[in-house]
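Below, each chain spelled out in residue letters.
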Amino acid sequence: MPKPFSSPSSSSVITRAASTKLPTPFAEFTLVGYTDKRGKEHVAMVLGDVANGEPVLARVHSECLTGDALFSQRCDCGPQLHAALEKIAKEGRGVLVYLRQEGRGIGLINKIRAYAEQDKGLDTVEANEILGFAADAREYDIAAGIFADLGVTQLKLMTNNPKKLEALAEQGLQIVERIAHITEGTPHNQHYLATKSAKFGHMF
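Residues numbered from 1 in each chain as written. Predicted model: local features only at pLDDT ≥ 70, side-chain atom pairs only at ≥ 80, totals over all residues. Heavy atoms only, no water.

### Looking at the nonpolar core
Thought 1: If you look at the biggest cluster of nonpolar residues, it comprises 26 residues, and the most contacted ones within it are Val60, Val95, Phe147 and Leu150.
Thought 2: For this core, the secondary-structure elements that each account for two or more residues are strand E3 (28–36), strand E4 (41–47), strand E5 (56–62), strand E6 (94–99), helix H6 (141–149), strand E7 (154–158) and helix H7 (162–170).
Thought 3: Apart from the residues lying within four places of it in its own chain, the contact partners of leucine 150 are Arg16, Tyr34, Ala44, Val46, Val50, Ala51 and Val95. (Core = buried A, V, L, I, M, F, W, Y, C linked by side-chain atoms within 4.5 Å. Buried < 20%, exposed > 50% of the residue type's maximum accessible area, 1.4 Å probe, protein only. Helix = DSSP H or I, 4+ residues; strand = E, 2+ residues; numbered from the N terminus. Contact = heavy atoms within 4.5 Å.)

Encoded structure:
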């Protein structure tokens, strides 16, 4: 039966919709699909027994079609996704939560528009704001709901983003360790990475 989850600090609801095996170059994961009340679909890639009460190696990854699937070098999203799956496979146990919130939550077409503004010299924050959006509109209540559904309460979280740490802790998750998640840069994303450090406080 689907399992509804209500975040303790929001009205967001997720429902487990389906699951299957997903062989990858890293390991064979269990792929679990979820829907939320906003009509979006999200997935968790699960390896091993993650509901045994022990801290779980985890990554919360927001969708980036251009980086994850189209090999864009304007960001570090694709390499971070692959590195997280590789680390979980090496650990033999863990969860990657994949949230459908493209472009820091502004959507794919607006992200392309933001890229066009960056081509004119703006950074990623300025581009979002000139289009009328917050610098970062992502939310993490859905991720907290997915972890709860999977029986995960303690995380060894792969992230450089302090906002993500704070948001998940506010949802009641215990972050027992932050694991730096740094990948090799490219000539095309140096300004992007510098902006994440200077304006978002990312810990590189």
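### Quick look at the state of the cysteines
By definition, a disulfide links two cysteine residues through a covalent bond between their sulfur atoms.
Thought 1: For the structure shown, the criterion picks out zero disulfides.
Thought 2: Free of any disulfide, cysteine 75 has its nearest cysteine sulfur in cysteine 77, 3.6 Å distant.
Thought 3: In this structure cysteine 77 comes out as buried when scored by relative accessible area, which is 14%. (Disulfide = S-S within 2.5 Å.)

### Points about helix H4 (residues 108–119)
Thought 1: Helix length check: H4, at 12 residues, gives a terminal C-alpha distance of 17 Å against a target of 16 Å (1.5 Å per residue), a fit within 8%.
Thought 2: Within the span of H4, buried status applies to Asn110, Lys111, Ala114, Tyr115, Glu117 and Gln118. What you see down the axis of H4 is that its buried residues fit within an arc of 160°, all on one side. Along H4, exposed side chains directed more than 90 degrees from the buried face belong to Ile109 and Asp119.
Thought 3: Lining the buried residues of H4 we find helix H1 (65–68), helix H3 (102–105) and helix H5 (124–130).
Thought 4: Phi turns positive, to about 120°, at glycine 121, one or two residues after H4. (Expected span 1.5 Å × (residues − 1). Arc of directions from axis to C-beta.)

### Considerations on the pairing of strand E8 (residues 174–179)
On any regular strand, side chains alternate: one points to one face of the sheet, the next to the other face.
Thought 1: Summarising the sheet, E7 and E8 pair through five bridges and their orientation is parallel. Opposite lysine 156, over in E8, you have glutamate 177 as the bridge partner.
Thought 2: Following the backbone out of E7, through H7 and into the adjacent parallel E8, one traces a crossover that is right-handed. (Pairing = 2+ DSSP bridges. Right-handed = clockwise from strand over helix to strand, strands pointing away.)

### Description of the environment of isoleucine 112
Thought 1: Take isoleucine 112: it is sitting in helix H4.
Thought 2: Along the sequence, isoleucine 112 and threonine 66 sit 46 residues apart, while their C-alpha atoms lie 9.3 Å from each other.

### A closer look at unusual backbone geometry
Thought 1: A positive phi angle is found at phenylalanine 71, which is not glycine, with a value near 65°.
Thought 2: In this structure, arginine 104 takes a positive phi of about 55° despite not being glycine.
Thought 3: Mapped onto the elements of the fold, arginine 104 is located in helix H3.

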